[in-house]
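For reference, the chains in residue letters:
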Amino acid sequence: MFRWIRRLLPVSKEEKQRRFLEEVDAFNAQLYGGWPTVTRQFLGHLKLRSGTLVLGDPRDHPAVEVPNVPAPEVAISALFWSYPSGMERVISLTLRLADEPIGGSSRKIGDFDIDSKKLVVLDKADREEYWTDVGKDRIGVISTATEDAVLHMLTERFELKTVRVNPRRAEVVGPVSEVLDKEIEDYLKSNPKYADFPSDHFRVETNDSRDRACHLEKAWGFLPIGAEGGPLMFVCGTGRGDGVYDVHCTFNGDVPSILSIDFVEESVSGGSPS
């Protein structure tokens, strides 16, 4: 009876979000062999030559700058949801910015908006020198996330040879010229079904810094910033994915000590969200 009464009552936006996340967590538990446990791992060190750390979404980077970092390298650790299948999700990130971090109260120093499900952390000078917005490759990508209709349509219309990379993605064999890219874009725009967002269905990737970060399949990793190697950036997934996340930091005077980012407010452990 009480469940029937609750259905008649208005549901707040927060309650709708909570229920949606519970459904997502339950689906993932079924997909990955059971409910996850929370584990902590030390992930490694990131060199910092400029004394300023920058972080944010690889598609809109940088969003937050942390200057005056005293340590020559940043120690990175994380909390994970670890599923029975071996699947992992980063739910909290901690960056030690001083050789001997001093504990104290933490305060918010900024936030960033994620829409690629990825966070990038790197040295400011390394970003300015090595980050590339356009790489040397021209990889034609056809989305098959929802259906194969566009794949079949473009393959037939433009006589493309393609390979299936995963259930969500097929790639054109060989580089796609700017001329062919424009022809495919115009063709999709001529179809009302695909006209509004043609890049959601076909795009050319150049294997630039952003592309490499966005395509990381693992929960986290250290990747070269530039295409030719060189210094590294740290990349990780962001818990359940897209959203706005706060950055908190403890300080010793004006010197940052410990940086922390929570991607998931509540934890899941051995059964259901707490």
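Refer to the structure above for everything that follows.
Along each chain, residues carry numbers from 1 onward, in the same order as the chain's sequence is written. Residue-level local features of this predicted model are given only where pLDDT is at least 70; pairs of side-chain atoms are given and counted only at 80 or more, and the full residue set underlies all totals for whole chains, interfaces and linings. Excluded from the side-chain calculations are hydrogens and water; all other atoms, namely the structure's heavy atoms, are used.

Draft legend 1. Representation of the sheet that holds strand β4 (residues 73-82) within the structure. Spatially, six strands are ordered β1-β4-β5-β15-β14-β6 in an open sheet, and the strand pairing comes out antiparallel. Looking at strand neighbours, the two that pair on one side only are β1 (37-47) and β6 (106-114), the edges of this open sheet. The average angle at which neighbouring strand axes cross in this sheet is 25°, direction not considered. Bridge count between strand β5 (residues 88-96) and strand β15 (residues 255-262): five bridges; the pairing is antiparallel. Note: two strands are recorded as paired if DSSP finds a minimum of 2 bridges between them. Secondary structure is summarised from DSSP: a helix means a run of H or I of at least four residues, a strand means a run of E of at least two, and numbering begins at the N terminus for each. Lines fitted to C-alpha atoms define the axes, with helix axes restricted to the stretch in contact, and inter-axis angles between N-to-C directions lie between 0 and 180 degrees.

Draft legend 2. Looking closely at the environment of S209. When you line up the elements, S209 lands in helix α6 (residues 209-214). Given a relative accessible area of 0%, S209 falls into the buried group. The sequence separation of S209 and D133 amounts to 76 residues, and the corresponding C-alpha distance is 6.5 Å. When checking whether two residues touch, look at their non-hydrogen atoms; a contact exists if any pair is within 4.5 Å. Aside from chain neighbours lying at most four places away, what touches S209 is Y130, W131, T132, I225 and M233. At 2.6 Å, the side chain of S209 and the backbone oxygen of I225 are in polar contact. When accessible area is computed with a 1.4 Å probe and restricted to protein chains, residues below 20% of their type maximum are described as buried, those above 50% as exposed, and intermediate ones as partly exposed. Two N or O atoms form a polar contact when they lie within 3.5 Å of each other; inside protein one atom must be a possible hydrogen donor and the other a possible acceptor, and for residues adjacent in sequence the pair counts only when both atoms belong to side chains.

Draft legend 3. Focus on the packing of helix α4 (residues 149-158) against helix α5 (residues 178-189). With their axes 12 Å apart at the nearest point, α4 and α5 run at an angle of 125° to one another. Judged by the angle between their axes, α4 and α5 are oblique. Every pair of crossing elements has a handedness; the one defined by α4 and α5 is right-handed. Residue-level inspection shows V150, M153, L154, R157 and F158 of α4 in contact with α5, the latter providing L180, E183, I184, Y187 and L188. Nonpolar residues are Ala, Val, Leu, Ile, Met, Phe, Trp, Tyr, Cys and Pro. Charged residues are Asp, Glu, Lys and Arg, and all others, Gly as well, are polar. Partitioned by chemical class, the residues of the contact of α4 with α5 number eight nonpolar, no polar and two charged. When an angle is under 35 degrees it counts as roughly parallel; over 145 it counts as roughly antiparallel; between 65 and 115 it counts as roughly perpendicular; any other value is oblique. Two helices that cross are described as forming a left-handed crossing if the nearer one is turned anticlockwise from the farther one by less than a right angle, and a right-handed crossing if clockwise.

Draft legend 4. Spatial organisation of the pattern of salt bridges. By definition, a salt bridge exists where a carboxyl oxygen of Asp or Glu is found within 4 Å of a side-chain nitrogen of Lys or Arg. One pass over the structure, following the stated rule, counts 15 salt bridges. The residue D246 makes a salt bridge to K108 at a minimum N-O spacing of 3.3 Å. Taken as a pair, D246 in strand β14 (residues 243-252) and K108 in strand β6 lie far apart in primary sequence, 138 residues in all. Under the relative-accessibility criterion, K108 is labelled partly exposed at 43%. For R138, the salt bridge goes to D181, with nearest N and O atoms at 3.5 Å. Of this pair, R138 sits in the loop between α3 (124-130) and β8 (139-143) while D181 sits in helix α5, and the two are 43 residues apart along the sequence.

Draft legend 5. Representation of the nonpolar core within the structure. Side-chain atoms within 4.5 Å are what join buried Ala, Val, Leu, Ile, Met, Phe, Trp, Tyr and Cys residues into a set we call a nonpolar core. Core analysis: the largest hydrophobic core is formed by 34 residues, its most contacted members being L53, L55, L93, F112 and F263. For this core, the leading source of residues is β4, giving five residues. Excluding anything up to four places from it in sequence, L93 contacts I76, S77, A78, L119, F234, C236, L259, S260, I261 and F263.

Draft legend 6. Examining the pairing of strand β10 (residues 169-172) more closely. Neither face of β10 is exposed, since R169 and E171 on one face and A170 and V172 on the opposite face are all buried. Sheet analysis places β8 next to β10, joined by three bridges and oriented antiparallel. Its bridge partner being in β10, V141 is matched across the sheet by E171. In terms of strand pairing, strand β9 (residues 162-166) meets β10 through four bridges, oriented antiparallel. By the bridge assignment for β10, R164 is matched with A170. Linking β9 back to β10 in an antiparallel pair, the connection comprises two residues.

Draft legend 7. Local environment of α5. Given the number of residues in a helix, its expected span is that number minus one, multiplied by 1.5 Å. Between its first and last C-alpha atoms α5 spans 16 Å; for twelve residues at 1.5 Å apiece the expected length is 16 Å, and the two agree. Among the residues of α5, those classed as buried are L180, I184 and L188. All buried residues of α5 project into a common sector of 70° when viewed along the axis, lining one side. Of the exposed residues in α5, the ones pointing more than 90 degrees away from its buried face are E178 and V179. Contacts made by the buried residues of α5 are with α4 and β11 (202-205). The directions from the helix axis to the C-beta atoms form the arc being described.

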